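# Fold and contact review
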Amino acid sequence: MRRPRPACAGADPELFFAHALSILQIARAKAVCATCPLKVSCLEGALERGEEFGVWGGLSEDERRALKHRTARNPARSAA
């Protein structure tokens, strides 16, 4: 059986990792992520590794940071 390929495999990395991501660029990157069969595992890996930059698993830098803060404040809620 074939392993699923990430939707971003053929995309330009600059779409996900430009120095200053614009709102439009983030939306475009998230659109790629929305079609990805590996979106959840990508986000989990980014959170585990502490990725600070870029769009990972459909979340921007700010969204991942906010998710980490919510999880840290409310650990029981994130386990549900």
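Anyway, here's the lowdown on the structure attached to this text.

Each value, and the rule that gives it
- Residues numbered from 1 in each chain as written.
- Predicted model: local features only at pLDDT ≥ 70, side-chain atom pairs only at ≥ 80, totals over all residues.
- Heavy atoms only, no water.
- Disulfide = S-S within 2.5 Å.
- Buried < 20%, exposed > 50% of the residue type's maximum accessible area, 1.4 Å probe, protein only.
- Helix = DSSP H or I, 4+ residues; strand = E, 2+ residues; numbered from the N terminus.
- Contact = heavy atoms within 4.5 Å.
- Arc of directions from axis to C-beta.

## Here we look at the state of the cysteines
In this structure the tally under the stated criterion is zero disulfides. As a non-bridged cysteine, Cys 8 has Cys 36 as the owner of its nearest cysteine sulfur, 6.0 Å distant. For Cys 36, a relative accessible area of 15% corresponds to the buried category.

## A closer look at the environment of Pro 37
Looking at the secondary structure, you find Pro 37 in the loop between helix H2 (23-34) and helix H3 (39-49). Here the alpha-carbon distance between Pro 37 and Pro 6, two residues 31 residues apart in the chain, equals 6.7 Å.

## Describing the environment of Phe 53
Summarising the element assignment, Phe 53 is placed in the loop between H3 and helix H4 (61-73). Put simply, Phe 53 and Pro 4 are 49 residues apart on the chain and 24 Å apart in space, counted from C-alpha to C-alpha. Once residues within four sequence positions are removed from consideration, Phe 53 is found in contact with Phe 17, Glu 61 and Arg 64.

## Focus on H3
Those residues of H3 not exposed but buried are Leu 43, Gly 45 and Ala 46. For H3, the angular spread of the buried residues around the axis is 165°, confining them to a single face. Projecting away from the buried face of H3 at angles above 90 degrees are the exposed residues Val 40 and Glu 48. Elements in contact with the buried residues of H3: H4. Positive backbone phi, at 70°, marks Gly 50, one or two positions downstream of H3.

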